[in-house]
Each structure stands twice: as structure tokens, then as C-alpha cells.
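# Structural description and commentary
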Amino acid sequence: MVAHILKLKLLLLANGFKRSTGQLIGVIIGGLYALGMIVMLTLAAWFLAGETAIDAELSILIGSLAVLGWAIIPPLLTGVDLTLEPSRFVHFGIPQKVLGPALVLSGFISVPAILTIIGLVGGSLIWRLEPLVLPVAVVAAIATAVMAVLVCQYLTIMATALRAKRRFRELTFAVLFLLLICLGPIISSIASAANSLLDWVGPIASVLAYTPLGAAAALPGALAQGDYLQFAICLILAVAYLGGLYWLVNRATAQATVTPPPQQRAAKQSGLGFFKYTPGTPTGAVIARALTYWLKDPRYAIGVLMVPVLPLLFWFTGSQSGNYTMMYLLGPLIGVLLGFSISADISYDNTAFALHVLTGVSGRADRAGRALACFALSIIPVLAAAILPGAIAGEAWRIPGDLGLSLAALLVALGVASVASARYTYAVPLPGDNPMKAPPGNGLRVAVTQLATIGTMAILLIPVFIPYLMGWFQESQPLGLLTLGIGLVLGVGLLFGGIALGGKWYEQRTPELMQAVMLNK
Amino acid sequence: MTQIALDIRGLAKQFGPKVAVDNVSLQVPAGSFYGLVGPNGAGKTTMLSMATGLLRPDSGQALANGVDIWADPQAAKATLGVLADGVRQFDRLTGRQLVSYSGLLRGMDRAEVAERTEDLLRVMDLTGDGDKLVVDYSAGMTKKISLATAMIHSPKLLVLDEPFEAVDPVSAANIRDILNDYVEFGGTVIVSSHVMDLVQRMCTHVAVIAGGVLKAQGSVEQVRGGMSLEDRFVDLVGGRANNEGLSWLRTSSN
């Protein structure tokens, strides 16, 4: 039976590759990249052997990082291949004694797991000069990899149970996304304190050695230093952690096979929400619907999150170098990004777009509604991002120019996106899916479309750029006012033009758009 | 001369090598309750998608209330209410918002939309759930709210693809009453279904489609010709397996 389940997992892995060539190519490129990293790690370990005094600490840190990575990334971020989720076996009546070990073992049949094992074993070459320690190091590396996979399995089962609650799911992604964005500044501030980093390695590693993260990885170091007490403690701990985790995973699978999916508490909203405040026309209805989605759909929420995060990021970078010029880019950048975000609007609708098709809403109303909803949400952040940097720096002369470029960027982006999204759809995460999950196989297409769209925006903005830059260099307010004038005229004109042209294309291609969203491509 | 509510003229669609709908012509008289039956994969949904503007046909025409849906889609869709099968709804809206949205998209007056939305929620037995997000609805409730979005503009012709799937018997009976009323006062309904019994009881006319080809059409009496509709359907479509079946599936043989 265990063999059957392992074979099932192997088959699933192989079929996953067969499904699309694009995905296979992606996996191969990713695999080559990971292999490259492993080779580097192995080489580094090989050459570091006997060259460094902190080999024990390095082993612990590498092992702990691997376990930590497995604990965080798959369960919370990328999601795991849930084809062998325990609850799928509910109907088969497989005895728990068989199912538990089988599912645990099947966790090792995946590309990342195999790469992790190879990588950690490669890393253990740091002990190659000590023939007695090396075998222990290899065993410890494998034990660390097993620990990583077990931790991941356990947390995945727990996270799946929690994630079934929609609110929780949406919240985690928002929080994680913020963390990810802030990771750069955090790491750079740690790196800037690199001098003191070496002082930290010792204490951190000695603490990690007693945790599930580093207990196994601490074994070779303790042995090499002849610290047999430490070796014994870590050995006992590692065995206990592994045994305990195995027991926990087993118990969790057993529970998952008898627990029905949890009931969700339905979300409520009394009344009509935005529909009450927008005009009672088709355009107004589309505005209200789009606004509701901007606030309720996590796929849009990620776009909105960029707004507070970008200034933080720029400010942080500025404080490192002492040069805050980048802050002046915020207005135009936020304008372009927010305006551009409606270019995937129809793709996000997925087949719910059928309602627009069946009601025969005019292309102009569809385009205008989506663009105006985005405008209503964007205008205040864009105004703030355009005005505040100049005001804070006490350079009032530049505010009109910043305003002109920022507003033009927003309006032109909305106009171009209104045209582009009536013609080009692409695969996006489905409604209710993990918004971070990129659907496989259309990377190139998306990149080309987005590049072309952003390129078009840049070209259309040239008439605003010229007076803007001239005004900046000459520190001239009149030129700034000229920028503002040109920006507004050009922006409003292009937005209306975009809505009209996009509406025309939309009406010609409605059924084709419908077919495209049905296939999510 | 009777009016034709939906006039399908030689619709055809091919997906790659597979002919999904092969030159089907079909007249749905105004005021009829028209059943469209066929086995799984017969092309019912494809044909209805082409007749309602969701899928562009390779050839042929579809006239809804006399207006060609591919020549003048907006005018044709104004008198047409459609429940499409296998499409999502804007499910981050509440039920009440979704029905209102459908009315407002059609350019209806806001006060009228509000009034009809409440009426529709009431007859669909969804008043208590009007403030819940559609994403939290059960399959049957989603079907009912979708039906409400198709009816808010009081269309002359309702095209319903699998309207009773997953709907509980009480709601189904309520929906049937609504549809019967609607037909009685001059509306036309087309439903696709697998449930022959339901079609035989409910419909005045029926068309049988299999393998993308129209096998029969006419009044229910004409089509079934004295047999039960189910037997007649199996006759027309063929493919009834011989009754050897699965001998090992007899629990008594153990």
C-alpha cells in the first residue's frame, strides 16, 4: 500500500511535467538554477574545509536556514502540491498505520525535497578533512533534510485547516506580502551592520543548536570540537524532535482524514454598499462593482498595498545614501502602477464577465466604469505622492511640475490600460485563489504585453516629460505650471480616447474575450 | 402566424477537429415552454452560448425576438434573459448587490431595480441571505441568484441552461411556478435539462439534440409519439448499453 501511494506521487509528478511544455521549461530553468546554487554551496564547503574557525556555526546556520525555509515558504506562501493531502484519502478507508508513513514518505518525492537533501549533503563537505566527523555530518545533513520536510508537512496540514477560512487566508497573504516587500530594507540594514555580524554568529548558532532547526546540524561541529556532552545533548534532542514531529504529522494526518472541512462564517454586508453612492447608470454600476472588488478581492488588494510600501522603501533607500531625489519619482510611479493595474481587470473577472456580455452593457460604460473606479481610489495617493515630497523638502516651486507629471502618468496609464485590456487578457490567479500564485505557462506573453503597454505609456508621456525635466533643471515654477497644463490636457484627452477606443474594441471582441477568460489565458 | 421568439438558423461551431454543433436550425414559438434535451456533451451549452451572444458561431444566425444577436447584440440582449451554465458570478458582491448590478448594467432606473430586486429575492426565498456574499452561497442558492439576475429586466425570452441543477425540490417547485406564470402571460422559456420527466411535465415543446445534431423538434406530444419522453429520447439518441452490466456489483453474489 505504501508503495502504491509512493507510485501515485511519482506519477503525479511526471504528469505535472507533461501537462505543459512551458511549465516543464520553467521547472528545468528553476532546477538548473537550484543545482547551480547547490554546486556553489558544495564548492564553498569544499574549499572552506579547514580554512575557517566557525565551521560548526556555519553548519548550524545552513541547516537551520533550510529547515526555516521549508517551514515558512511552502505552507504559507507558494502553497504545497496538495494532491496527496490527507483529506483526499477520506473515502478509501486506508488504515492509519499505512497512510501516515506513506504520506510522510511521499513528501520526499518532490524536486525541492531532493534538491534540499543533495544541497545539505554537499554542504557537509565542510568536514571533509576529518574522516571521523564526515560520516556523522552526512547523516546529520540527511536528518536535517528530513526535519525540514516533516516540519513543512506538519505546518501545511495545520495551515490548510486554517486557510479554509477565507478571512484568514486573505489576511495572511496581505501580511506576508508586506513582509516580503520590507525584506529588502531589513536585510540591507542587517548587512550594513555586517561588522558586528560575526559577533552574532556564535550566540545565534549556539541557541539554534538546541532548537528543531539546528539540533541535527550541530552534531558534526560538537564532535569535531570534542565536546561530547554537547554532542550527546544535541543527539538526544535531534532524535526527540524527529520522533516528535513524525508523531505529530501522523496524528495530524489521522485527524485530517476524519475531520470534515470546517464551516465558514458567511461574510455580510448590509445594504447596497457602493451601489448606493454611484450614479444609477451602467457606468455607475460598473464603478461600484469595481470599487467593491478593489476593497474585497485580495488580488486587487496587493496592488493597493504598493501605495504605502513604495514610499517606505524609497525613504529607506534615501536614508541609506542621504539622497532623497528618488522620492520625487513616487508620484509618477504610483500613478503608472495604479493606472496600469486595471489592465488585468477582465482577466480577474474570469467567467463572471459573462454578466457583462449577457446584459449587453456598452463597451464605453464597461471601460469608463473600471477606469473611473481606479481613478477614484488612486487620485488621493497620487496627489499626496506628488505634493508631499516637494512640500516637505521646502521646494514649493517644483510642486506644479510634480503634480503635472503624476496626474498625467495616472490618466495616461488608465487610458492605455483601458485599450490594452479590451484586447489582451492573460492567465491570472482565479477568484478566491492564492493571489501570489502565478499561473504557469504564460510568463513570456504577460511580460511582452506588459512591456508593450508600459512602453506605450512612456512614449505618450514624452510631451509632459520635456517641460517637466526642463523645469526641474532650471528650478522654474512657470515651466512646472506648463507641465501641469500639458499633463492635464494630454491625460484627460488620452483617458477619454482610451475609453472610446477600448470600448469600440471591447464591443467588437466581446465573445472572444469571453472565450479567453473561460480558458483563463 | 405564430411569432418566433428564438429563431436559430444553421448554427455551427467547430473546436479543432471536434464538431460541437453541426448546422442546427430550431424555431422556438413565442409563448412556449421549450425543453432542450440531450446527453452529456451533445452541444446544448455550446448552442445556447451561440444563441445568446457568449460564443461567436462559425456560421449561422440566431434571432432573438426578431433581432439578430450577432448583427445588433445590444438590441437583442435587451429582451433576453440568460442563465448560463458553468460561469462564475461576481461573487464578492452580496446577493442583493449582484441582482441590482445586473439591473443597473442594463440601464434600468435605480428605484425600479431596488423594487424588483426585493421581489426577486423574496420569490427565490433568498431575502434572509441577500446581505451575504455570493461566494458563501451554496450551489443551489447561486443558481437561484443567477436566475434572478437573468429576470430583473422582465425579458420576453428566458434562456436557462440547467436551471434546476442543485436546486432543492421546494425552490425548484417555486421556480417552476414562476416560469409557468411567466409563460402564461406571454413570455417564452427555453430550458436545457437531462431530466426527461421534468421536461415532459413542464414543457409544451421539446427539441432533442445529440452529437451536435438536431434529432427531433416539435410539441412534446409530437416528439414523444405515444411513448414516454424518456424512452423516445433513448430511441433517438441510442447508445443504451446492453444489460449485462457489472455482474460483480451485485452484493448478493458474494
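Predicted, not measured: the structure shown is a model, and the values here were computed from it.

Here the focus is the overall build of chain B. Within chain B, the regular secondary structure consists of 9 helices and 10 strands. In terms of C-alpha radius of gyration, chain B reaches 19 Å, essentially the compact-globule figure of 18 Å for 254 residues. Along the three orthogonal principal directions, the C-alpha set of chain B runs to about 60 × 50 × 40 Å. Within the span of chain B, comprising 254 residues, buried residues form 50% of the whole. Counting only contacts in chain B whose residues sit at least 6 apart along the sequence, the fraction spanning at least 24 positions is 67%.

All right, on to the nonpolar core then. Within soluble globular proteins, side chains that are nonpolar tend to cluster in buried spots. Residues and elements named next belong to chain A. If you look at the biggest cluster of nonpolar residues, it comprises 150 residues, and the most contacted ones within it are A354 and A413. No other element matches the 15 residues that helix α17 (residues 399–423) contributes to this core. Sequence-distant contacts of A413, defined by excluding residues within four places in its chain, comprise G335, V336, G339, F340 and M457.

Before going further, it helps to spend a moment on the interface of chain B and chain A. Every contact between the two is made by 36 residues of chain B and, on the other side, 37 residues of chain A. At the level of secondary structure, the elements contributing two or more residues to the side of chain B that touches chain A comprise α2 (73–78) and α3 (95–105) of chain B. For the side of chain B that touches chain A, the element with the most residues is α3(B), which contributes 7 residues. A breakdown of the residues in the side of chain B that touches chain A according to their chemical character gives 14 nonpolar, 10 polar and 12 charged.

A few words now on the sheet that holds strand β7 (residues 157–161) of chain B. Residues and elements named next belong to chain B. Strand order in this open sheet of 6 strands is β6-β7-β8-β3-β9-β10, and the pairing throughout is mixed. This sheet does not close on itself; its edge strands, each paired only once, are β6 (80–83) and β10 (213–219). Looking at each pair of strands side by side, their axes are set apart by 15° on average, direction ignored. Pairing between β6 and β7: 4 bridges, direction parallel. Counted as the bridge partner of L83 is L160 from β7. Against the sheet, helix α5 (residues 139–151) contacts β6 and β7, and its axis sits at roughly 165° relative to β6. Sheet strands touched by helix α9 (residues 229–237): β3 (33–37), β9 (205–210) and β10. Its angle to β9, the strand with the most contacts, is close to 30°.

Now for the environment of A:M327. Residues and elements named next belong to chain A. With respect to the secondary-structure elements, M327 resides in the loop between α12 (298–321) and α13 (330–340). Note on M327: 20 C-beta atoms within 10 Å, which makes it buried. Spatially, the C-alpha atoms of M327 and W70 are 37 Å apart, while their sequence positions differ by 257 residues. Not counting residues within four places of it along the chain, the set of residues in contact with M327 comprises F314, W315, G318 and P389.

Most peptide bonds take the trans form, and the phi angle of most residues other than glycine is negative. A positive phi is found at B:N23, a non-glycine position, where the angle reads about 55°. Considering the arrangement of structural elements, one finds B:N23 in strand β2 (residues 18–29).

This part takes up the packing of helix α4 (residues 96–106) of chain A against helix α10 (residues 228–258) of chain A. Residue and element names in this part refer to chain A. Interaxial distance between α4 and α10 falls to 9 Å at its minimum, and their mutual angle equals 115°. Considering how the two elements wind past one another, α4 and α10 form a crossing that is right-handed. Contact with α4, carried on its side by Q96, L99, G100, L103 and V104, involves Y246, V249, N250, T253, A254 and T257 of α10 and no other residues of that element. Across the contact of α4 with α10, the residue classes break down as 6 nonpolar, 5 polar and no charged.

It is the contact of helix α11 (residues 282–296) of chain A with α3(B), at a shortest axis distance of 8 Å, that shows an interaxial angle of 150°. Compared by their axis directions, α11(A) and α3(B) come out roughly antiparallel. By crossing handedness, the relation of α11(A) to α3(B) is classed as left-handed. Residues A:P282, A:G284, A:A285 and A:R289 of α11(A) form the contact with α3(B), whose participating residues are B:Y101, B:L104 and B:L105. Its residues placed into classes, the contact of α11(A) with α3(B) shows 5 nonpolar, 1 polar and 1 charged.

Quick look at helix α16 (residues 363–392) of chain A now. All names here are of chain A. Taking 1.5 Å as the rise per residue, α16 with 30 residues should run 44 Å; its terminal C-alpha atoms sit 43 Å apart, in good agreement. Most pronounced at S378, the bend in α16 amounts to some 40°, and the proline P381 follows within four residues. In the stretch just after α16, G394 is the one whose phi turns positive, near 70°.

So, about the sheet that holds β2(B). All names here are of chain B. The 4 strands are arranged β2-β1-β4-β5 in an open sheet whose pairing can be described as antiparallel. Edge positions in the open sheet fall to β2 and β5 (67–68), since each of these has one partner strand only. Along the sheet, helix α1 (residues 44–51) contacts β1 (4–15), β2 and β4 (59–64); its crossing angle with β1, the most-contacted strand, is approximately 120°.

As a further point, take the environment of A:G271. Residue and element names in this part refer to chain A. Within the secondary structure, G271 sits in the loop between α10 and α11. A count of 11 C-beta atoms within 10 Å places G271 in the exposed class. C-alpha separation for the pair G271 and A385, spaced 114 residues apart in sequence, amounts to 34 Å.

Cut-offs applied
Residues numbered from 1 in each chain as written. Chains lettered and ligands numbered in written order. Predicted model: local features only at pLDDT ≥ 70, side-chain atom pairs only at ≥ 80, totals over all residues. Helix = DSSP H or I, 4+ residues; strand = E, 2+ residues; numbered from the N terminus. Rg over C-alpha atoms; globule rule 2.2 N^0.38 Å. Buried ≥ 20, exposed ≤ 12 C-beta atoms within 10 Å, placed from the backbone. Contact = placed C-beta atoms within 7 Å. Core = buried A, V, L, I, M, F, W, Y, C linked by C-beta atoms within 7 Å. Nonpolar A, V, L, I, M, F, W, Y, C, P; charged D, E, K, R; others polar. Pairing = 2+ DSSP bridges. Axes fitted to C-alpha atoms, helices over the stretch in contact; angles between N-to-C directions. Left-handed = near helix turned anticlockwise from the far one by under 90°. Parallel < 35°, antiparallel > 145°, perpendicular 65-115°, else oblique. Expected span 1.5 Å × (residues − 1). Bend = angle between axes of the 7 residues up to and from the residue.

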